[in-house]
Amino acid sequence: MIKKITYADAIKDALQTSIKNDKKVVLLGLGVDDPKGIFGTTKNLYNNFPNNVFDMPTAENGFTGFALGLAISGFRPVIVHQRVEFSLLSIEQIFNQIAKWNYMSAGSSPAPIVIRLIIGKGWGQGPQHSQSLETIYSHIPGLKVVCPSSPQDARDLMISSIKDNNPVIFFEHRWCHSIKGKVNKKIKSSKIGKGKILRKGKHISLISFSYSIIECIFAAKILKKYGILCEVLDLRSLRPIDKKAIIKTANKTKKILIVDNGMKTFGVSAEILSIIYENLKNIYVERIGVLDTPLPSSVALAKYCYPEHEEIIKKVCKILKITKKINIKKNKNPDQPNSDFIGPF
Amino acid sequence: MIENKIIYNLYKKILRIRLIETAIAENYSKQKMRCPVHLSIGQESVAVSICSNLKKSDVVVTAHRSHAHYLAKGGSLNKMISELHGKVTGSAKGRGGSMHLIDKNSNINAAVPIVGSTLPIGVGIAWANKLKKNQRIVVIFFGDGATEEGTFLESIDFASLFNLKILFVCENNNYSVYSSLKKRQSKFRSISKLANSVGIKSTQLKNHDTINLFQSAKKIIKKIIKSSRPHLIEVNTFRYLEHCGPNNDDYLNYRDKNEITSWLKKDQILSLENLLSRKKILNENKKKKIIRSINSDIKKAFKFAETSSYPNKKDLMRYIYND
């Protein structure tokens, strides 16, 4: 059985199912019980489960530590931050404590915590509300990092992240929340660390993750009209990263464009490039990503900062030495995921 | 009135920690314990007086200077000495060292050296106790430096808001490494009053007098359980050795000579020995017997550690994840 729901609803379904199945699952975060319910992802959960949903004081490092205390006492906390940037206040607890707790206790004290980090983009969000910081979290042993791009993956990976005995950083892109997609009626988990080929192709592989996958698919659809067949690999997890899937698609098409959801320098794309280089010979790789700059608020500047389908198509043509003209519909409002989104954030 | 037997037991526990810490200091130069150590010598009575009022199921979390808390709460001596030696028989199988002692059997749930970072973790454990509706209390030991961290305010605020059964114990030894309190905190600032400002009652103790501390803690712990409200004890105490390492560092003259002599006069082992001798409970013979028995345990623990194996290379990547 299949139904169509939004990415935000998929997350809510997963949270609701997890609490229903295990009363030790608790949600905490600033505004987790507010009337808008974190972009709809926790809407009404407080009313249904008042003993499992807790609004928090404005003390990110503090309540991340509280979550660790809960986790080592048998609970399964799920923290949410409405923007990734707020989690930077809790890096101490995440990197020094949570990531290493199982290790420091020689396996006797696991720390099953999910930390939901929402990445912003567009509508003038500016320097501190639109960064993609997947790379810094992916650097730390002891953490797992997932970054689903579809409702189905969001739901399944949320279920598995909560069930996991390890801390999982769960990246959600704000521009994914409104995406509608088919999901199986039956809710089940999906293995963390597995990528997925979303489109098969033979000319070039696009490797990406999170919202950038949406741009990759858009580009691939346009290119198909011109006979250019892109394979699209959605990594879905960054730690562990699916090396096998990367190597397999690289070996198949021999030409790779990595579309980084964050900045290129010291970024996820650099890691993917290394995996290819360390394992294969004679593969042509290029990468694009967010520009190396603090992100400006003004749409006039921000529109040049992100790798969108237009840039992807141009890069693919360059790599494949295609000279014929590709008609690309200009995105009139590059600061909106769709015309319904009119802010505020 | 406090029973003589209780005083006698407190004395034995304090003496035991002093002798263990002294043995670590004396053996340190052998270079077999290859990790930093923050010894508790001088401050033992705080740990013992508080922990002697706890049940086994009550939880202790602590910081970098954790040996006294670990031992006073009943942590395994063999595992502790082995951990300092980096052996597989250690409390964290050699992964943590002196700064990450843990013993879940005795409910010593956390010790971390990032100042102030165990405060919220202890609060989380107390919150879990509340959600599980049990009567356990959590004791969070921290120093005066930790109260300068944001986690201190974040933790006391939440503990008060959620009515958690927590005893915050601030061991104020007046120094953060070499920086004295007056260089770090305004003279108008009071650690106890900071707690009061979020609705937490506090008790200020001018020194680490064992009996006073034991009796105060007894009353306070009863009250915490009865009222389901946190409490803070701030106790002035004194570190005998350097911040980190086995030596005395007073030749560096960072502490006032009067400060040192006045605290050494309040040494809790000497005080309790005098008291117990006056009460005719302790004499030289008995004391020798106690010391001999403790030293025999210490010797066994060191032998156990020294003869234990190092962790195997094949386990190098173990425990990163819980599979």
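For the structure, check the block above.
In short, a report on the structure. (Residues numbered from 1 in each chain as written. Chains lettered and ligands numbered in written order. Predicted model: local features only at pLDDT ≥ 70, side-chain atom pairs only at ≥ 80, totals over all residues. Heavy atoms only, no water.)

Structural notes on the sheet that holds strand β8 (residues 231-236) of chain B
Residues and elements named next belong to chain B. Pairing within the open sheet is parallel, and its six strands lie in the order β2-β1-β3-β4-β8-β7. Each end of this open sheet is capped by a strand with a single partner; those strands are β2 (108-111) and β7 (201-205). Neighbour-to-neighbour, the strand axes of the sheet open up by a mean angle of 15 degrees, direction not taken into account. Bridging between strand β1 (residues 59-62) and β2 involves three bridges; their strand directions are parallel. Following the sheet pairing, Thr 62 is matched in β2 by Ala 111. Helix-sheet contacts for helix α5 (residues 118-131) involve β1, β2, β3 (138-143) and β4 (166-172), and the interaxial angle to β3 is about 170 degrees. (Pairing = 2+ DSSP bridges. Helix = DSSP H or I, 4+ residues; strand = E, 2+ residues; numbered from the N terminus. Axes fitted to C-alpha atoms, helices over the stretch in contact; angles between N-to-C directions. Contact = heavy atoms within 4.5 Å.)

Points about the sheet that holds strand β10 (residues 204-208) of chain A
Residue and element names in this part refer to chain A. With mixed pairing, five strands are arranged side by side in an open sheet as β9-β11-β10-β13-β14. Only two strands of the sheet have a single partner each, and these edge strands are β9 (196-199) and β14 (284-290). Across the sheet, the axes of successive neighbouring strands diverge by a mean angle of 25 degrees, strand direction being ignored. Sheet analysis places β10 next to strand β13 (residues 255-263), joined by four bridges and oriented parallel. Along β13, the bridge assignment pairs Ile 207 with Ile 258. In the packing of helix α9 (residues 212-225) onto the sheet, the strands contacted are β9, β10, β11 (230-234) and β13, and the crossing angle to β11 comes to about 165 degrees. Across the sheet, helix α13 (residues 309-319) is in contact with β10, β13 and β14; its angle to β14 comes to roughly 165 degrees.

A short note on the interface of chain B and chain A
The interface is formed by 31 residues belonging to chain B together with 38 residues belonging to chain A. Interface area, chain B with chain A, both sides summed: about 3000 Å², of which 66% is carbon and sulfur. The three residues of chain B that bury the most area against chain A are Trp127(B), Tyr321(B) and Asn322(B), which together make up 22% of that side's buried surface. On inspection of chain B and its partner chain A, the count reaches zero salt bridges. Across the chain B-chain A interface, the total number found is 13 residue pairs in polar contact (both at pLDDT 80 or more). (Buried area = accessible area lost by both parts, 1.4 Å probe. Salt bridge = Lys/Arg side-chain N within 4 Å of Asp/Glu carboxyl O. Polar contact = N/O pair within 3.5 Å; in protein donor to acceptor, adjacent residues only side chain to side chain.)

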